[in-house]
Amino acid sequence: MDITSLLYVNSSDLIETAQKATSALNSPIKKEERGGFDSLLDTAIKNLNLTNSYQSDKEDMELKWAMGEVDNPHDLTIALSKASQALNYTTAIRDRLLEAYREIMQMQI
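All of the points below concern the structure found in this document.

## Comments concerning the overall build of the protein
Moving on, step 1. Summing up its helical and strand segments, the protein has four helices and zero strands in all.
Moving on, step 2. Sequence-ordered secondary structure for the protein, helices as α and strands as β, is α-α-α-α.
Moving on, step 3. Among the 109 residues that make up the protein, the fraction classed as buried is 10%.

This is how it looks when you write it as structure tokens:
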């Protein structure tokens, strides 16, 4: 790594770079675009709500199928598949988060 170009850096260059960085941080960017923890948490909650709605739809379709109100078994199959895939996805995300938490807790400071 060649660091000879750093010999010619002066304080005005550093001040200018710091001002650009500060103005970039203070720019009016939406929360979703910043990608902070709050947007991650909002997305996780939305995904949980979606998974719950798919599970609810599946249960409704099963009840309708059992009572003979559904003529098309394809609708039941779609509801079962959506609920299964959403639950698998949610479980995978939960497992990854727990794995990351355990890894962070085992870090030595």
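## Some words on helix 3 (residues 37-67)
In an α-helix, one full turn covers 3.6 residues, which means residues spaced three or four apart are oriented alike.
Moving on, step 1. For helix 3, built from 31 residues, the straight-helix expectation of 45 Å at 1.5 Å per residue is met to within 8% by its first-to-last C-alpha distance of 45 Å.
Moving on, step 2. Looking at helix 3, one finds that the buried residues are Ser39, Thr51, Gln55, Lys58 and Met61.
Moving on, step 3. Gly68 sits one or two residues past helix 3 and shows a positive phi near 80°.

## Points about the pattern of salt bridges
Where charged atoms from two side chains of opposite charge come close, those side chains can pair.
Moving on, step 1. Evaluation of the coordinates by the stated rule reveals one salt bridge.
Moving on, step 2. For the salt bridge of Asp95 with Arg94, the shortest nitrogen-to-oxygen distance reads 2.8 Å.
Moving on, step 3. For Arg94, a relative accessible area of 47% corresponds to the partly exposed category.

## So, the packing of helix 3 against helix 4 (residues 73-105)
Moving on, step 1. Relative orientation of the contacting elements helix 3 and helix 4 amounts to 150°, with a least axis distance of 8 Å. One element, helix 3, and the other, helix 4, form an angle in the roughly antiparallel class. Once helix 3 is placed against helix 4, the crossing between them reads as left-handed. Contacts between helix 3 and helix 4 pair Asn47, Leu48, Thr51, Tyr54, Gln55, Asp57, Lys58, Met61, Glu62 and Trp65 from the former with Pro73, Asp75, Leu76, Ala79, Leu80, Lys82, Ala83, Ala86, Leu87, Tyr89 and Thr90 from the latter.

## Some words on the side chain of Thr51
Moving on, step 1. Mapped onto the secondary structure, Thr51 falls in helix 3.
Moving on, step 2. For Thr51, a relative accessible area of 6% translates into the label buried.
Moving on, step 3. Residues contacting Thr51, with those up to four places away along its chain left out, are Ala86, Leu87 and Thr90.

What counts and what doesn't
- Residues numbered from 1 in each chain as written.
- Predicted model: local features only at pLDDT ≥ 70, side-chain atom pairs only at ≥ 80, totals over all residues.
- Heavy atoms only, no water.
- Helix = DSSP H or I, 4+ residues; strand = E, 2+ residues; numbered from the N terminus.
- Buried < 20%, exposed > 50% of the residue type's maximum accessible area, 1.4 Å probe, protein only.
- Expected span 1.5 Å × (residues − 1).
- Salt bridge = Lys/Arg side-chain N within 4 Å of Asp/Glu carboxyl O.
- Axes fitted to C-alpha atoms, helices over the stretch in contact; angles between N-to-C directions.
- Parallel < 35°, antiparallel > 145°, perpendicular 65-115°, else oblique.
- Left-handed = near helix turned anticlockwise from the far one by under 90°.
- Contact = heavy atoms within 4.5 Å.

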